Structure formats: C-alpha cells, structure tokens
Amino acid sequence: MGATTLTFATRSGSQAHDGPVADYPALYIGGQWVAPTDGGTMESIDPATGRVWARVAFGGKGDIDRAVAAARAAFDGEWGRMPPHERAALMRRFADLYRQNVERLAQLETRDSGRALRESRADVGMHHNYYHWFASLADKHHGRTIPMDDSVHAFTSRLPLGVVGAICPWNVPLMSACWKLGPALAAGCTVVLKPAEQTPVTALELGALIEEAGFPAGVVNVVPGYGAGGAGEALAAHSDVNKISFTGEADTARAILKTGADSLKRYTFELGGKSPHILFADADVEQALNAATNSAWTLCGQSCALGSRVLVERPIYDRVVETFASRAAKVRVGMPLDEATHMGPQSSADQLEKTLRYVGFGRDDGAELLAGGKRIERESLAGGYFVEPTVFANATNDMRIAREEIFGPVAALIPFDDEAEAIALANDTAYGLTAGLWTQNVGRAHRVSAKIQAGIVWVNTYRYLRWTTPYGGFKASGWGRENGLEALDSYLDTRTTVVSTAGTFPDAYAS
Ligand code: NAP
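Residues numbered from 1 in each chain as written. Predicted model: local features only at pLDDT ≥ 70, side-chain atom pairs only at ≥ 80, totals over all residues. Heavy atoms only, no water.

## Here's the deal with the confidence of the model for the protein
Of the residues in the protein, 96% have a pLDDT of 70 or more, and the chain-wide mean is 95. Across residues 1–19 the pLDDT falls below 50, and counting only partners more than four positions away or on other chains, this stretch makes 46 contacts in the model. (pLDDT = per-residue confidence, 0-100. Contact = heavy atoms within 4.5 Å.)

Listed below in structure tokens is the structure:
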C-alpha cells in the first residue's frame, strides 16, 4: 500500500499531528477552536484497516446552541453588513486556499471515508470551481421592478434566509459541504456545519481554511457530532435556524422534518437514489459499457447517483453480461491511498454488512450472481471493509436489489424488450434522483429523457456534473436543488416593496 502514516499540518485548532492517530480536540465555533461543553471525543475508523485513525471532538445540544448563537451574531453583525463584493472576495480567497490544499484534503477524505485516492483527488480537485462560481454570484442576486398602476410600482429584494444548518453524509463529505457552503455564503447566510459521525475530519479542516481565509467569526461553524439524539437533531430542532440543508437518507429527512415542524424552517433535501442506466441496442455499446461499469463501482458503490439498475435491451444483453463479469474481475480493489487502487473499502462495518445482506437478498429472490458477492479477506486487506465488485444477471425490477438503495458495489442487470418497457421500468421506483440512457437515435434520446422521472437525466454520458447545473431529486430523492442558480435561490427570501408616488390614499369611509 501507499503511505499509511500521513503527516498532518498543525493548525490553530485542529491540532493534528504526525503519527498513526490524529487528534482533533476542538470544535470551530464563533471563530474560536473550543472544547465541547456537552459532547466528548469520537473515534474515526479507517475503513481500510478497521482501526482508529483519528480522535475527534464532538458536540452536543449545548454546542449547537453556541454555534447557532455565533452564526446569528455574525448574520446580524459584520457578515450581514458586509457589502456583497467583499463577501465574494473572502469566498475567492477561501477557494484559492482550498485549491492549494487539494492533495492534503483528498488524502484526508480518503483516510476518513475509504474512497480511493484517485477518485478523491478528481472530486476534491474540482471543488474550488464551485466556490469561485458561487463567489461570482454573491453580488448578483438582484430583485425586479414590477409596474402596477400609473402611480404605483413594486420592487423585490432578495434577502439571505439567515442561519443555515448544513447536515452532511459520510460518502462524499467535502463535496456535500461544498454544495451547501457555496450557495449559502454567496446568498449572505451563515452556517453551522455538522458532518457525519463516520467522517468528521475534513469538516474541521474546512473550518481551519475558513479561519485562514479571514471570514468574520461565526460565519461558518463546524460541530461534528451524532445525528439522532445529538448535534444533528439539535440543529434540526433549533428555533433560530432558518434552513436545514440536508444530504442523506430519506428516513432521516422524515425525522428531520418532524423534529423541525414547530419552527417551520426551510429545507433542501438531497436524498437517495436507485438510478436506472438504460442501454439501448442502438447505442455505441462500448462507450455505454464504460459508463455503466464505472457508475456501478465508483465510490465503492456508495454514491447516490449510482447507476445500480442497468436496464439492457435484449439484443445486447449477453454482451453486457459478459463485459460486466470480465470487468468486475479487473477492478483493482486495494488500500485506498495506493495510487493503483480503483476501489477502496466500504466506509464502515455497517455498510459492509448491509451490502453482503443484499447479496443474500439477490440470491434469495432468484437473480444470478455473476461476479463478486463476498467480503475480501486476503491478508493485505485484513481488517478492512472490502467487498468484491458484484454483478447480478437476470434480475427483475421487483427484487430487493433493484428496489432498495444498497450503497455497495452491486449492479443488477435487467433485460427489457422495447422503449415503452424501458421507460416503465426506469420509473417504477420510489426514487427519482438520476438516470442515464444510451442511444444513437436522437429522437429516442429526447423522447425517452422527457419521460424519465428523475432530477437529472444523462444522455450518452453519466455522472457528468458541474457547479452550473442543478442537481436534486424527484419523488423520494429529495426537495430542491443543489448547484446552479436554483441552489442560490434556495438560500434567499423575497421581499416585495410596493411604492405609490400618487401622494394620496382615498378615504374608504368618506361616503
Ligand atoms: P444519513 O444516515 O441519513 O445521515 C446523514 C446525516 O444526517 C449524518 O450527518 C447523520 O449523523 C445525520 N443524522 C442522522 N439522524 C439525524 C437526525 N435524526 N437528525 C438530524 N441529523 C441526523 O445518511 P448517510 O448514511 O450518512 O448517507 C448516505 C445517504 O445519503 C444515502 O441515502 C445517499 O443516497 C444519500 N446521499 C444523497 C446525495 C444527493 O446529492 N442526493 C449525495 C450523497 C449521499 P450521523 O452520522 O451521526 O448519523
């Protein structure tokens, strides 16, 4: 494997050090690195070894109260009064610092989540573009002028919502934080960021970069902690939080809604998916197969956008089955920090157990296990949560492996006979996050994509994302959008001001 011991820069609050166990003893609240008041220390497990690699402070309700108070003070104070172009300049400074730290952040992301370094680098290496693009929007959310009558007109103003609670998942911690911080800061909001309990480290590193960029105290606060019954729930319940931007499971979103019901806050929910990846026989099959195999195993299958239901038109079904089986054998599963590794471990023991459970469901429900399906226990990977890239052939859309989000590297190959059946299968799911389709028939590309119930449909490509393009789900895949102008909009409120220049107002009771 590559480096097992990283050298961590010593930072003002995160106090990381050389050695196998990194120490992050402080939360970032109100511009200070502070000890938790009612939290403690959580251990972050390296999923490649199953051993503790970092000890991290976690906060409880009292720490969330402090963080929200700091975020409110910043919103009502220096940040709220700061001209938008100055906020943009701070965001650009942060984006540049982020870019300078890409390699370090990517290694930390890999260490915390198990994602192969080559993937972390490619992902984290893009994030500065998101921050720069949102910085460019910070002084461009203007209102409109609306004529009403001769002497009366109205204008609208776009106002930041206030304090945002950003609750992130463990599969893409830095990307998820980036997708929330970018638009929230561009809108003029302040943020309390709560990373997932499995991956708390990079959020604290973000706090250190926020500090280095020179943001006023309290604009961004970072409080690692537990979700249910902990910091996450406290944030969702808090009456002074104006919006929760949440990425995670649909059931957690339901719990968050119930918790926050009394406060009537706003929500963006980025939830799960069970995305159809449709391969028509008239596609450039080689390219389609490149995309379909890649999207089944990227992130060790722990991606919301995973094309885990591969719908294949019957004439190319055998070729697709053979290619999936042969490529599964070629995926280099290994230590995630190794440059050569394609696929690292699953992010946690729970996730490994869940994936293996679903392999059992696939077998029980009658799908044909074509490749993989087992934990990898060779000596060099001992202790880690490694699983083989897995392929089921002759799956049907009613099987549990095709209906429920596994979040493991498990592809279900489902044959279909015609366009109508492909569309019906694609939409026969509780989710509606993403979809892909491959065809060289331009009429079919438009016809089918128009009928797919998903927030993003890729035609002759897959998982192609930019900061400019809205991302989010239909149905149980979420509410609202991240990225694009839509994301900025979701952190703004509208005030309408109606102005009369007539100088008179009739007395309704004169006669
Ligand atoms: P999760 O279990 O729902 O947790 C997400 C976050 O919510 C974590 O920080 C968690 O804290 C917190 N949380 C849990 N219960 C809470 C509660 N009652 N109140 C407030 N916060 C609470 O999701 P996950 O397992 O981390 O992530 C995987 C899921 O995210 C998958 O469904 C995946 O599809 C989805 N996802 C969607 C997108 C997208 O853009 N649509 C992107 C990435 C991931 P703890 O860690 O302490 O539990």
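So, next bit.
## Section: the side chain of R327
Within the secondary structure, R327 is located in helix α12 (residues 317–330). A polar contact of 2.9 Å, which involves the side chain of R327, links it to the side chain of N290. Excluding its chain neighbours within four sequence positions, the residues that come into contact with R327 are E286, L289, N290, T293 and W297. (Helix = DSSP H or I, 4+ residues; strand = E, 2+ residues; numbered from the N terminus. Polar contact = N/O pair within 3.5 Å; in protein donor to acceptor, adjacent residues only side chain to side chain.)

## A word on the sheet that holds strand β23 (residues 492–500)
Taking strand neighbours across the sheet as the criterion, the three strands line up as β6-β7-β23 in an open arrangement whose pairing is antiparallel. The open sheet is flanked by β6 (145–149) and β23, the only strands paired with a single partner. Adjacent strand axes in the sheet meet at a mean angle of 25 degrees when their direction is disregarded. Here β6 runs beside strand β7 (residues 152–160); their pairing, made up of four bridges, is antiparallel. Each bridged residue has a counterpart across the sheet, and for D149 the counterpart in β7 is V152. (Pairing = 2+ DSSP bridges. Axes fitted to C-alpha atoms, helices over the stretch in contact; angles between N-to-C directions.)

## Concerning the packing of aromatic side chains
On inspection of all chains with the given rule, the structure shows 19 aromatic pairs. Relative to F407, the ring of W170 lies with its centre 5.5 Å away and its plane at 85 degrees, an arrangement referred to as edge-to-face. Of the two residues, W170 is situated in the loop between β8 (163–167) and α7 (173–187) and F407 in the loop between α14 (400–403) and β17 (410–416); the sequence distance between them amounts to 237 residues. The buried category is assigned to F407, whose relative accessible area is 13%. Taken together through their ring pairs, the aromatic side chains of W79, F94, Y98, Y131 and F215 make up a single cluster. In this structure, R87 is placed above the aromatic ring of W79, and the distance from its NZ or CZ to the ring centre is 5.6 Å. (Phe/Tyr/Trp six-rings, centres within 6.5 Å; stacked < 30°, edge-to-face > 60°. Buried < 20%, exposed > 50% of the residue type's maximum accessible area, 1.4 Å probe, protein only. Lys NZ or Arg CZ within 6 Å of the ring centre and 35° of its normal.)

## Side note on the site of the ligand
Looking at the ligand, there are 31 residues lining it, with C168, E197, G227, T252 and E405 nearest. The side chain of K194 places a nitrogen or oxygen atom 3.0 Å from an oxygen atom of the ligand. A distance of 2.8 Å separates an oxygen atom of the ligand from a polar atom in the backbone of E249. Protein contacts shield 92% of the accessible area of the ligand, which totals 900 Å² for the unbound molecule. (Near = heavy atom within 4 Å. Areas by Shrake-Rupley, 256 points an atom, 1.4 Å probe, with all protein chains shown as cover.)

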